[in-house]
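Now for the letters of each chain:
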Amino acid sequence: MIKDIPTPSTKEVDKYLKKWNTMENYVLQENSLDKLFFQTYPNNTDINDILIKASSLNDFYSTNIFSIFNVAKHILNLDIDKRLKNGDTSLVNDIAKVTISGVDKNFYSFATKYCSHHNPLEYPIYDNYVDKVLNYFKNRDKFDDFTKNDLKDYIHFKNVLLSFRKYYGLEEYNLKEIDKYLWQLGRDYFPKNYKKKS
């Protein structure tokens, strides 16, 4: 049984945002991705630019995409720059669904990261840790009535985050800050178990 997680509050969020700034590897990784996405290759009209951004994300975040070229080509064909700028939430699901060698794939977590690194205030990142924390507080405090699968639909996922922020009175924080808080909370309270099953 999971030990009780402190109720979300400004004090808790501030504590985790402060802690984030002490994690040198994550801070430098984010800084280098910011440089890549905002300064070096801000657009998505050249396959070479997309490939280097997608490869870097895949490596830093261990998203386990073994055919990154197909994903980059898919992103190029979607012509995403205007939609990214406008914060079009339907874009995440469009990027996530790729067919590789006749097999339909759903690189949902990667797609949230790709969009977030272009427009972090509009595109919060979905990952396993965030999923677990949101489900924990939903079950404990009933802040929202989403189902497990709802978080895998990006429009719904973002609405759940907004509902979380409002319920706990955290409106002073942007979605990127909420993101950092939830991810660290998940890492602390739901650590991945890499032990082999016997």
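Our subject is the structure listed above.
On a predicted model such as this, the values are computed, not experimentally measured, just so you know.

Let's talk about the overall build of the protein
Thinking step 1. Assigned secondary structure in the protein consists of 10 helices and two strands.
Thinking step 2. Beginning at the N terminus, the succession of helices and strands in the protein can be written as α-α-α-α-α-α-β-β-α-α-α-α.
Thinking step 3. In terms of overall dimensions, the protein is globule-like: its C-alpha atoms have a radius of gyration of 17 Å, near the 16 Å expected for 198 residues.
Thinking step 4. Judged by the C-alpha coordinates and their principal axes, the protein covers about 45 × 40 × 30 Å.
Thinking step 5. Nonlocal contacts in the protein, meaning residues at least 24 apart in sequence, comprise 62% of its contacts between residues at least 6 apart.
Thinking step 6. Carbon and sulfur atoms make up 49% of the accessible area of the protein, which totals about 10,900 Å².
Thinking step 7. Side-chain charges in the protein split into 30 positive and 27 negative, and the spacing between the mean points of these groups amounts to 5 Å.

Things to note about the side chain of lysine 158
Thinking step 1. With respect to the helices and strands, the residue lysine 158 is situated in helix 9 (residues 154-167).
Thinking step 2. Overall, lysine 158 belongs to the buried group, its relative accessible area being 11%.

What about the packing of aromatic side chains?
The description of an aromatic ring pair rests on the distance of the ring centres and on the angle between the ring planes.
Thinking step 1. Across all of its chains, the model carries 22 aromatic pairs by this definition.
Thinking step 2. Aromatic pair phenylalanine 37 and tyrosine 114: ring centres 5.6 Å apart, planes at 70 degrees, arrangement edge-to-face. With phenylalanine 37 in helix 2 (residues 24-40) and tyrosine 114 in helix 7 (residues 108-116), the pair connects residues that are 77 residues apart, well separated along the chain. A single burial state applies to phenylalanine 37 and to tyrosine 114, both of which are buried.
Thinking step 3. Taken together, Tyr136, Phe137, Phe143, Phe146, Phe164, Tyr167, Tyr168 and Phe190 form an aromatic cluster joined through their ring pairs.
Thinking step 4. Between the NZ or CZ atom of lysine 138 and the centre of the ring of phenylalanine 146, over which it lies, the distance is 5.0 Å.

Some points on the pattern of salt bridges
Thinking step 1. Inspection of the entire model under this criterion finds nine salt bridges.
Thinking step 2. For glutamate 122, the salt bridge is made with lysine 158, and the minimal N-O distance between the two is 3.0 Å. Here glutamate 122, found in the loop between helix 7 and helix 8 (128-141), pairs with lysine 158, found in helix 9; they are 36 residues apart in sequence, far enough to count as distant.
Thinking step 3. A relative accessible area of 32% means that glutamate 122 is categorised as partly exposed.
Thinking step 4. Taken together, the shared-partner salt bridges in this structure form one network comprising Asp4, Arg140 and Asp141.

Looking at the nonpolar core
Thinking step 1. Residues Phe110, Tyr114, Leu134, Phe137, Phe157, Phe164 and Leu182 are the most contacted members of the largest nonpolar core, which totals 58 residues.
Thinking step 2. Top element by residues in this core is helix 10 (residues 175-189). It accounts for seven residues.
Thinking step 3. Excluding anything up to four places from it in sequence, phenylalanine 137 contacts Ile5, Pro6, Thr7, Pro8, Lys142, Phe143, Phe164, Tyr168 and Leu185.

Each value, and the rule that gives it
Residues numbered from 1 in each chain as written. Predicted model: local features only at pLDDT ≥ 70, side-chain atom pairs only at ≥ 80, totals over all residues. Heavy atoms only, no water. Helix = DSSP H or I, 4+ residues; strand = E, 2+ residues; numbered from the N terminus. Rg over C-alpha atoms; globule rule 2.2 N^0.38 Å. Contact = heavy atoms within 4.5 Å. Areas by Shrake-Rupley, 256 points an atom, 1.4 Å probe, with all protein chains shown as cover. Lys, Arg positive; Asp, Glu negative; His and termini not counted. Charge placed at Lys NZ, Arg CZ, Asp CG, Glu CD. Buried < 20%, exposed > 50% of the residue type's maximum accessible area, 1.4 Å probe, protein only. Phe/Tyr/Trp six-rings, centres within 6.5 Å; stacked < 30°, edge-to-face > 60°. Lys NZ or Arg CZ within 6 Å of the ring centre and 35° of its normal. Salt bridge = Lys/Arg side-chain N within 4 Å of Asp/Glu carboxyl O. Core = buried A, V, L, I, M, F, W, Y, C linked by side-chain atoms within 4.5 Å.

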